[in-house]
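The residues making up each chain are set out below.
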Amino acid sequence: MSTRYNPQDAEPKWREAWDKADVYRAKPPEEAGDAPKAYILEMFPYPSGRLHMGHVRNYAMGDVIARFRKAQGYNVLHPMGWDAFGMPAENAAMKQGVHPGEWTYKNIADMRAQFMKLGLSLDWSREFATCDPEYYGSQQALFLDFYEKGLIYRKASKVNWDPVDQTVLANEQVIDGKGWRSGAPVEQRELTQWFFKITDYADDLIAGLESLDRWPDKVRTMQANWIGRSEGLQMRFEWAGQAPAGYEGGVEIFTTRPDTLYGASFIALSPDHPLTVEMATDNEALEAFRADCAKVGTSEEAIEKAEKIGFDTGLTVKHPFEDRELPVWVANFVLMGYGTGAIFACPAHDQRDLDFARKYDLSVIPVVLPSGEDAATYEIGKEAFAGPGRIYNSGVLTGKSIEDAKAAAIEAIESACLGSRTVNYRLRDWGVSRQRYWGCPIPVVHCDTCGIVPLPKSELPVRLPDEVSFDIPGNPLERDTDWKSCTCPKCGGVATRETDTLDTFVDSSWYYSRFASEGNSAERTYWMPVDQYVGGVEHAVLHLLYARFFTRAMRDAGQLDLPGGEPFAGLFTQGMVTHETYKTDAGDWISPDELNLSNGSPTVKATGEAVTIGAIEKMSKSKRNTVDPDDIIARYGADVARLFTLSDSPPERDVEWTQSGVEGAARFAQRVWAVFDALPYGADPTAANGDNDLRRLSHKSVANIQEAIEGFRFNSAVASLYEWVNALKKAESGADLEDRAEACSFLARCLVVFTPHLAEECWSRLGASGLVVEAPWPEIDPKLLVQDTLTLPVQVNGKKRGEINVPADAGGDVIEALVMADSAISAHLDGKTVKKVIVVPKRIVNIVVG
RNA sequence: GCGGACGUGGUGAAAUUGGUAAACACAACGGACUUAAAAUCCGUCGGCCCGAAUGGGCCUUGCCGGUUCAAGCCCGGCCGUCCGCACCA
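Residues numbered from 1 in each chain as written. Chains lettered and ligands numbered in written order. Predicted model: local features only at pLDDT ≥ 70, side-chain atom pairs only at ≥ 80, totals over all residues. Heavy atoms only, no water.

Q: Lay out the environment of His-273 in plain terms, naming residues and giving numbers.
A: Here His-273 is to be found in the loop between β10 (266-269) and α8 (274-280). For His-273 and Asn-283, which are 10 residues apart along the polypeptide, the C-alpha to C-alpha distance reads 15 Å. In contact with His-273, not counting residues within four places along its chain, are Tyr-247, Met-336, Thr-340, Gly-341 and Ala-342. (Helix = DSSP H or I, 4+ residues; strand = E, 2+ residues; numbered from the N terminus. Contact = heavy atoms within 4.5 Å.)

The following block contains the structure:
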């Protein structure tokens, strides 16, 4: 008689058994023996308070890999912790009057309980939250090390100010002119800020991308573009007339197109260029022009539509090669933040320069001739030509290719002592000051006598004050005079603490190495780098770039032995969990569990109101299309939730959550149980031998699943499981007991990576010893993977006309003879001339007839 | 504008060295069991056509062309969708 698998009973039971046996603890290196290490990590969560399906999918994926490696005999580190500083805790404090720390730790407790129910193979002994004083104290020590190494500095600069969150944002955190979290339009403010010298590593960060062959190309490309290395020439144009005071040497510009120097028509300065600013002090018209430029927004659309505008300064400079003068303009499209904040314009070969030149009637001199054009007649209309061609109209450069001309022009400028070859980056230094309470305090003091003084490590951690109030906007640390006042470690005089805290991205830039161990220990060296990292692609340039910088800085500060400097050897970016959206005619979003779908057109259960089915979108609170993991676990079990998020779509793509799909996964779990439950007690899986279809299928399935997991094709691995279980069910009558037992023993050990509780229940039903979560991956008999006879498709002129059975070791001639002797095939040849027979052993036969 | 990814049945998708397109699942339909329902099990399921039938033929991976004995996969050109960056000299 058959029983049903009951996840509500089985899941807690097995989790307790795992806990008792402490099966997920990573072994320290000295206990690992010959086992290779595998550090598997998913991006640690922000403790918002509730788990969502996206978490389930993310951590289920990491768990598949961690469990698979464990089964293969690796010493696995699979830790979990909390990215716990940040704005939401302060928002909660303002709204609910609860202390950010209290709110955060309560959320952590809630989410940890939810995590526990998922049955992940996590080593909780290494858990920490970034808001633990022990953690942020170590971070402060790192800060001091970096400071001493000259990797941190303070400067006044224009910064991105988020008026809603009342804090500064890094360039990476400004998306489309808006704060990445608040969505408020970002303002520019002049503030004194702390910066990490990430630009020191710009070249190394680009070079390192080469070695990351287990990263998605997309992420590597995004990082390379973000760093934005460009090679070119930095040079000065000397004044033709009176030099402005302080600029006697000329105007410094940067260009990547020195080959077009003969096409130079004017010089353009940024409105924020120091020279512009200085001239504007006694030139009202210029000052007004600068104000006009500042009005244009920074959003995509604003820039797209913004007209090129300019202001003629009246100054002129000398062309470096020719006896002519160029006017100096101020132009709104020249950015102060890139290069030198000044350019030379060659309108013929740059669209922006051309637009500007046409508007202000400046000269347009083509110097690159596209192939097929005649130098005498070639003209530039409204489109600048930026393509390949030959240099002409260009003195000694004439006739050269663009590349040769660049080299020659740079050489000429260098020998004239006007400039030199330079590399420029789009990447800026990382501004880390945040005017917030709930973050890591920066461990320095401001002393009237000594200036900025770093604290000695003995005074760490600099703890956040417990007593805070959020009744007025701004930074509570700024108002906390008790906390602020301190003595200067250098002179002993009165000093004030730094009230800025660190960007929370600093916290997540080194947590993975803290999981490995504290300090620069042998254990940290053993585990690092992370072998497989799993997380969302939204961190492609934020977290993942900062972390790569941090490992390099930690290495150079003597805090980490990691020669290559790369923290994550393998990276996998997973897709999101989506769901249909539902809306009433009144425009209210309706959640899936308020919906009645049973009778044709969907309605709201409570009111009977008609509902329109909308687009499939990422699960979000605002669209109310979320499904709560707790509800799913209560109803179907954690295994089913995990299995479904992995089964329907490739892991890098989005998966659509559907009720019927989840029910399908639940049915599968029952089918698996039925297969085990139908097996008579006492069958010996190790007694299976010989060669038959069932054994071949079992061994082949293990091979397929293994390959699919290694290639991150979890959906294909799950499909193989389905196929295998379906066949096993059919084989219940007729197959040898031992062969069925072997199949089940293998199956339980494959299932464990996806549905560990179910696998454990099945393993126990088999009467196998120990826990399946500790069982080794099934050993495949290679003899059962090779076929004695193969069925080859036979094509005639590329169209399949039949099949033929041949011995697996048959050579080309033998196969050809067999094919030609086959009556079904020869019917298709029908007296035509056989021109050629192509035999691809083990694959296909194609007969070409004329 | 620049860079990248993708486009296959009603749906999610397989086909990871150029070699049988549509595995597996969802939905749908038909049937069995049942007083009934649920659950479960069995079957059909890309399109068009021929045949009473076992069966057979033609077409089909966004569109057009190319390479090849053979193309979903390689090359060229379009169209469309999504993502990232964006006045970066």
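Having seen the structure, we can now continue with the description.
Q: Residue-level account of the nonpolar core, with values.
A: Of all hydrophobic cores here, the largest spans 178 residues; its most connected members are Trp-430, Phe-550 and Phe-754. Among all residues touching Trp-430, those that are not within four sequence positions of it are Ala-170, Trp-194, Phe-195, Phe-196, Ile-198, Asp-503, Phe-505, Val-506, Ser-509, Tyr-546, Phe-549 and Phe-550. By size, the runner-up hydrophobic cluster in this structure holds 29 residues, among which are Tyr-247, Leu-261, Leu-286 and Phe-289. (Core = buried A, V, L, I, M, F, W, Y, C linked by side-chain atoms within 4.5 Å. Buried < 20%, exposed > 50% of the residue type's maximum accessible area, 1.4 Å probe, protein only.)

Q: Talk me through the sheet that holds strand β2 (residues 75-77); I want residue IDs and the actual numbers.
A: Taken together, the 4 strands give an open sheet; going across it, the order is β2-β1-β25-β26, and neighbouring strands pair in parallel fashion. Every other strand in the sheet has two partners, leaving β2 and β26 (571-574) as the edge strands with one partner each. Across the sheet, the mean angle separating the axes of adjacent strands is 20° when strand polarity is ignored. Pairing of strand β25 (residues 532-536) with β26 involves 4 bridges; the strand directions are parallel. Bridging across to β26, Tyr-533 finds its partner in Leu-571. (Pairing = 2+ DSSP bridges. Axes fitted to C-alpha atoms, helices over the stretch in contact; angles between N-to-C directions.)

Q: How would you sum up the pattern of salt bridges? Please name residues and give values.
A: Summed over the entire model, instances satisfying the criterion amount to 40 salt bridges. With its nearest N and O atoms 2.5 Å apart, the salt bridge here joins Arg-552 to Glu-566. With a gap of 14 residues between them, Arg-552 in helix α18 (residues 543-556) and Glu-566 in the loop between α18 and β26 connect regions that are remote in the sequence. The exposure class of Arg-552 is buried, given its relative accessible area of 0%. Classification of Glu-566 by relative accessible area gives buried; the value is 9%. One salt-bridge network, held together by shared partners, links Asp-204, Arg-548, Arg-552, Arg-555, Asp-556 and Glu-566. (Salt bridge = Lys/Arg side-chain N within 4 Å of Asp/Glu carboxyl O.)

Q: Can you explain helix α23 (residues 714-730)? Please cite residues and give values.
A: In this model α23 runs 25 Å from its N-terminal to its C-terminal C-alpha over 17 residues, within 8% of the 24 Å that 1.5 Å per residue would give. Along its buried surface, α23 packs onto α2 (53-71), α20 (638-647), α21 (659-677), α22 (693-710) and α24 (737-751). (Expected span 1.5 Å × (residues − 1).)

Q: I'd like a description of the side chain of Glu-90, backed by residues and values.
A: Along the chain, the position of Glu-90 falls in helix α3 (residues 87-96). Every residue in contact with Glu-90, bar those within four places of it in the chain, is listed here: Arg-436, Tyr-437, Trp-438 and Phe-470.

Q: Provide a residue-level description of the sheet that holds strand β9 (residues 251-255), including the pertinent values.
A: The 3 strands lie next to each other as β9-β8-β16, forming an open sheet whose pairing is antiparallel. If you trace the sheet from one side to the other, it starts and ends with β9 and β16 (419-424), each paired once. Within this sheet the neighbouring strands show an average axis-to-axis angle of 30°, counted without direction. Where strand β8 (residues 230-237) lies against β9, 5 bridges are found, and the strand directions are antiparallel. Looking across to β9, one finds that Leu-233 is bridged to Thr-255. Sheet strands in contact with helix α12 (residues 402-415) are β8 and β16, and its direction is about 125° off that of β16.

Q: Which residues make up the environment of Glu-478, and what are the values?
A: Mapped onto the secondary structure, Glu-478 falls in helix α13 (residues 476-479). On the basis of relative accessible area, Glu-478 is assigned to the partly exposed category, the value being 43%. Considering only alpha carbons, one finds Glu-478 and Arg-497, 19 residues apart in sequence, at a separation of 9.3 Å. Excluding residues that lie within four positions of it along the chain, Glu-478 makes contacts with Lys-484 and Thr-499. Within the structure, the side chain of Glu-478 is placed 3.0 Å from the side chain of Thr-499, a separation counted as a polar contact. (Polar contact = N/O pair within 3.5 Å; in protein donor to acceptor, adjacent residues only side chain to side chain.)

Q: Tell me about the side chain of Gln-795, residues and numbers included.
A: Inspection of the secondary structure assignment puts Gln-795 in strand β33 (residues 789-796). For Gln-795, a relative accessible area of 19% translates into the label buried. Apart from residues no more than four positions distant in its own chain, Gln-795 is found in contact with Lys-800, Arg-801, Ile-844, Val-845, Asn-846 and Ile-847.

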